[in-house]
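Structure assessment
One-letter residues, chain by chain:
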Amino acid sequence: MEQEFDGLIPSLKVRKIDLILSSMTITEDRKKSVDFTDRYYLTQARLVFKQSTAVSSSLDELKGKKIGVQRGSIHDRFANEVLAPKGAVIVPYGSQNEIYLDVVAGRLDGTLADAVLLSEGFLKTDAGKDFAFAGPAFTDVKYFGGGSGIAVRKGDPLKDKFSAAIAAIRANGTYKNVEEKYFDFDIYGK
């Protein structure tokens, strides 16, 4: 079932869905509402702008830039607490695909999201051909947690079953084989 990101945890809690497998980052705040499996990947958050856009580590170039973020995501919180004070205009959206459309159409200057999502879902597509990562990678644990895990209801035994499955495919080499087939970097992280 596909739905907007900010409605996933409420849907899980009312048993509309049984688990969330949607690149949901394991954060202390989310752990108050749901249980998470062990992580299945850990990547950085990145900005994407037109290829010619330079963004330094000071982020001063973001002043006045309209940046789309997925509403309710960790990127939404980071953007509002870190990028907005630099003068960026943060625009929340229900889905990352809506953001891509507005970036291409010029209604947004760029977006902030997970590096894998941006690379695979936008930059490697025809729509993203004129865009690139800009500025530093963001990894602050305060915002970006300890990687992405599968969210389940509190106390659900699915947590341990999926964690065991993740450990098994990492141990037997399946994870590494899939990673090498689709990514040119370590998606599991350190």
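Residues numbered from 1 in each chain as written. Predicted model: local features only at pLDDT ≥ 70, side-chain atom pairs only at ≥ 80, totals over all residues. Heavy atoms only, no water.

The name an unreviewed UniProt entry assigns to the protein is Histidine-binding periplasmic protein, from the organism Pseudomonas fluorescens. Here is the UniProt Sequence similarities (unreviewed entry) comment for the protein, exactly as written: "Belongs to the bacterial solute-binding protein 3 family." (UniProt positions renumbered as here; feature names shortened; annotations may be inferred.)

1. Points about the packing of helix α4 (residues 96-105) against helix α5 (residues 115-123)
Two numbers describe how α4 lies on α5: the axes approach to 11 Å, and their chain directions differ by 60 degrees. In this view, α4 runs oblique relative to α5, as classed from their interaxial angle. The handedness of the crossing between α4 and α5 comes out as right-handed. Residue-level inspection shows Gln-96, Tyr-100, Val-103 and Val-104 of α4 in contact with α5, the latter providing Leu-117, Leu-118, Gly-121 and Phe-122. Split by residue class, the contact of α4 with α5 holds six nonpolar, two polar and no charged. (Axes fitted to C-alpha atoms, helices over the stretch in contact; angles between N-to-C directions. Helix = DSSP H or I, 4+ residues; strand = E, 2+ residues; numbered from the N terminus. Parallel < 35°, antiparallel > 145°, perpendicular 65-115°, else oblique. Left-handed = near helix turned anticlockwise from the far one by under 90°. Contact = heavy atoms within 4.5 Å. Nonpolar A, V, L, I, M, F, W, Y, C, P; charged D, E, K, R; others polar.)

2. Some points on α5
Those residues of α5 that fall on the buried side of the exposure criterion are Ala-115, Val-116, Leu-118, Ser-119, Phe-122 and Leu-123. The N-cap of α5, judged by a side-chain oxygen 2.9 Å from the amide nitrogen of Val-116 a few residues on, is Asp-114. (Buried < 20%, exposed > 50% of the residue type's maximum accessible area, 1.4 Å probe, protein only. Polar contact = N/O pair within 3.5 Å; in protein donor to acceptor, adjacent residues only side chain to side chain.)

3. Describing the sheet that holds strand β5 (residues 110-114)
Ordered by their spatial adjacency, five strands build an open sheet running β4-β3-β5-β2-β6, and the pairing between neighbours is mixed. Whereas interior strands pair on both sides, the edge strands pair on one side only; in this sheet they are β4 (89-93) and β6 (131-138). Between one strand axis and the next, the sheet turns by 30 degrees as a mean value, whatever way the strands run. Examined bridge by bridge, strand β3 (residues 66-70) and β5 share two bridges and lie parallel to one another. For Ile-67, the partnering residue across the bridge sits in β5 and is Gly-110. On top of the sheet, α4 reaches β3, β4, β5 and β6; it is set at about 150 degrees to β5, its chief contact. (Pairing = 2+ DSSP bridges.)

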